[in-house]
Amino acid sequence: MSLFLCLFSLALYSAGSLAAPSPSQNIILRDLAVPRFFGAAANTTFLFHDVNYTKVIETQFSIFTPENEMKWESIEPEPNGFDFTAADEIVRFAESVNAKVRGHNFMWGNQLPPWVNDTLSATELDRALKNHITTIMDHYRGKLYSWDVINEMISDNTPNETFKDNIWTQKFGEEAMPKALTYARAVDSQPKLYINDYSIEGINSKSDALYSVVSSFLADGVPVDAIGFQCHFTLGQIPDTLQENLQRFADLGLDVAITELDINLMGPSNATALEQQAKDYWTVVNACVQTKRCVSTSVWGVSDDHSWIPNGSVLPWNAEKQPKPAFYAIADAFEGKPEP
Ligand code: 9MR
């Protein structure tokens with residue numbers, strides 16, 4: 001900037017006609033995260049419709065997960081009737097800011113259109129699954145970094161039951177996950193194939209169940225490249241064994257990723273709560289940074305007003321799209337600085 005421009009801006013600034021520069025202005029989390037990616041769930045309801053949301057999402061992230069746009073009910077609402085409109089919008093946006101995309105998802109018990117959930121025989125469902133995966137992966141060939149091929153298929157009643165009871169396990173039993181993974185790999189060998197789940201972040205009965213399922217997949221040659229740990233947490237309750245758990249899956253030869261991080265305050269957003277939330281964010285991001293095979297940390301949304309948890313103040317930006325203490329804690333963790 002020329003001396004003249006400098007003096008001119010200073011004059012305007014002291015005259016109050018320019019907004020004071022925010023201290024976060026020069027902190028770009030996607031840059032600090034390198035060699036990892038820093039990501040967010042992107043949502044077309046807000047992208048380009050909420051200006052301040054769009055400003056944050058354009059600058060801070062290097063990987064995006066469509067929050068709902070690639071789910072079965074959105075992308076194939078009718079048999080073989082595909083609608084890529086919203087999903088394409090996110091992929092184009094990601095390309096425009098030089099960010100990657102995590103596809104989300106192929107096999108899940110939720111957000112299924114009735115024709116998939118209610119009416120098909122096992123043979124028809126198998127054909128529908130293969131067609132779904134093949135058509136979508138063909139459409140996005142060369143454009144996506146990874147796919148959550150499997151989402152939330154491990155039971156919440158481990159060790160009594162391993163797989164969640166849904167249409168996939170009802171029709172295919174324990175062949176459900178291998179089917180989806182095998183179909184995906186057959187279409188395109190490039191994207192990383194993920195198994196994504198919640199409540200598997202610490203070492204516990206559910207993550208133990210996943211660990212043995214994945215170990216047997218690897219032994220049997222079922223294609224799987226990575227595990228996604230969702231990390232929908234409650235304030236002050238980050239599992240002590242998070243890093244150790246990420247590492248044990250990495251030691252199987254897999255990538256690992258934090259895929260849906262948010263931290264629910266479960267109460268008023270006061271200074272004490274925000275400080276604890278910042279510590280919690282630091283702990284999770286640091287666990288990823290300390291794990292060589294941890295490729296990305298993604299938050300599930302951007303700002304508190306657009307979260308799937310409307311009153312939890314769960315994200316690093318507040319409803320005014322201003323950075324919260326959690327934002328600075330994420331920066332610290334990526335930079336190797338101690339817990340705030
Ligand atoms: O954030 C998503 C929300 O907008 C949807 O209404 C909801 C429907 O089930 O799914 C939310 O995203 C979920 C994600 O796809 C899988 N893990 C849990 C997420 C939060 O529920």
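The chain goes by Beta-xylanase in an unreviewed UniProt entry, where it is assigned to Hermanssonia centrifuga. The UniProt entry for the chain carries the following comment under Catalytic activity (unreviewed entry): "Endohydrolysis of (1->4)-beta-D-xylosidic linkages in xylans." A UniProt comment under Sequence similarities (unreviewed entry) is attached to the chain, and it reads "Belongs to the glycosyl hydrolase 10 (cellulase F) family."

Observations regarding the site of the ligand
The environment of the ligand is formed by 13 residues, the closest being Glu67, Lys71, His104, Glu152 and Glu260. A distance of 3.0 Å separates an oxygen atom of the ligand from a polar side-chain atom of Asn68. Between the ligand and Gln111, the relevant distance is 3.2 Å, taken from an oxygen atom to a side-chain nitrogen or oxygen of the residue. Contact with the protein chains covers 77% of the free accessible surface of the ligand, which is 450 Å². Judged by the proximity of its atoms to the pocket grid, the ligand belongs to the second largest pocket.

Some details on the nonpolar core
In terms of nonpolar packing, the biggest core is built from 103 residues, with Phe61, Phe64, Tyr140, Trp168 and Ile195 touching the most fellow members. In terms of residue count, the dominant contributor to this core is helix α12 (residues 271-289) (nine residues). In this structure, Phe61 is in contact with Arg30, Phe38, Gly39, Ala40, Val56, Ala99, Val299, Val302 and Trp317, ignoring residues within four places of it in sequence.

What about α12?
Across its 19 residues, α12 extends 27 Å between first and last C-alpha, which sits within 8% of the 27 Å expected from 1.5 Å per residue. Among the residues making up α12, those that are buried are Ala273, Leu274, Gln277, Ala278, Asp280, Tyr281, Trp282, Val284, Val285, Asn286, Ala287 and Cys288. Buried-residue contacts for α12 involve β7 (232-234), α11 (242-250), β8 (255-264), β9 (294-299) and α13 (325-334).

A few points about the UniProt feature "active site" (unreviewed entry) in the chain
The sites that carry the UniProt feature "active site" (unreviewed entry) are, in the present numbering, Glu260. Of note, Glu260 is situated in strand β8. Contacts of Glu260, omitting those with residues within four sequence positions, involve His104, Asn151, Asn196, Phe229, Gln230, Cys231, His232, Ser298 and Trp300. For Glu260, the side chain forms a polar contact with the side chain of His232, separated by 2.7 Å.

Concerning the environment of Ser296
Relative to the elements of secondary structure, Ser296 occurs in strand β9. Taking C-alpha positions, Ser296 is 29 Å from Asn131, a pair spaced 165 residues apart along the chain. Setting aside residues no more than four positions away along its own chain, Ser296 makes contact with Phe37, Val256, Ala257, Ile258 and Cys288.

Concerning helix α10 (residues 205-220)
With 16 residues, α10 extends 23 Å between its outermost C-alpha atoms, agreeing within 8% with the 22 Å of an ideal straight helix rising 1.5 Å per residue. What α10 keeps buried is the set Lys206, Ser207, Ala209, Leu210, Val213, Val214 and Phe217. Seen end-on, α10 carries its buried residues on one side only, within an arc spanning 155 degrees. Next to the buried residues of α10 lie α9 (176-187), β5 (192-197), β6 (226-229) and α11. Measuring from the backbone nitrogen of Lys206 back to the side-chain oxygen at the start of α10 gives 3.0 Å, which picks out Asn204 as the cap.

The rules we used
Residues numbered from 1 in each chain as written. Predicted model: local features only at pLDDT ≥ 70, side-chain atom pairs only at ≥ 80, totals over all residues. Heavy atoms only, no water. UniProt positions renumbered as here; feature names shortened; annotations may be inferred. Near = heavy atom within 4 Å. Polar contact = N/O pair within 3.5 Å; in protein donor to acceptor, adjacent residues only side chain to side chain. Areas by Shrake-Rupley, 256 points an atom, 1.4 Å probe, with all protein chains shown as cover. 1 Å grid on protein atoms, 1.4 Å probe; cavity = no way out; pocket = protein on both sides within 12 Å on 5 of 7 lines; lining within 4 Å. Sits in = over half its atoms within 2 Å of the grid points. Core = buried A, V, L, I, M, F, W, Y, C linked by side-chain atoms within 4.5 Å. Buried < 20%, exposed > 50% of the residue type's maximum accessible area, 1.4 Å probe, protein only. Helix = DSSP H or I, 4+ residues; strand = E, 2+ residues; numbered from the N terminus. Contact = heavy atoms within 4.5 Å. Expected span 1.5 Å × (residues − 1). Arc of directions from axis to C-beta.

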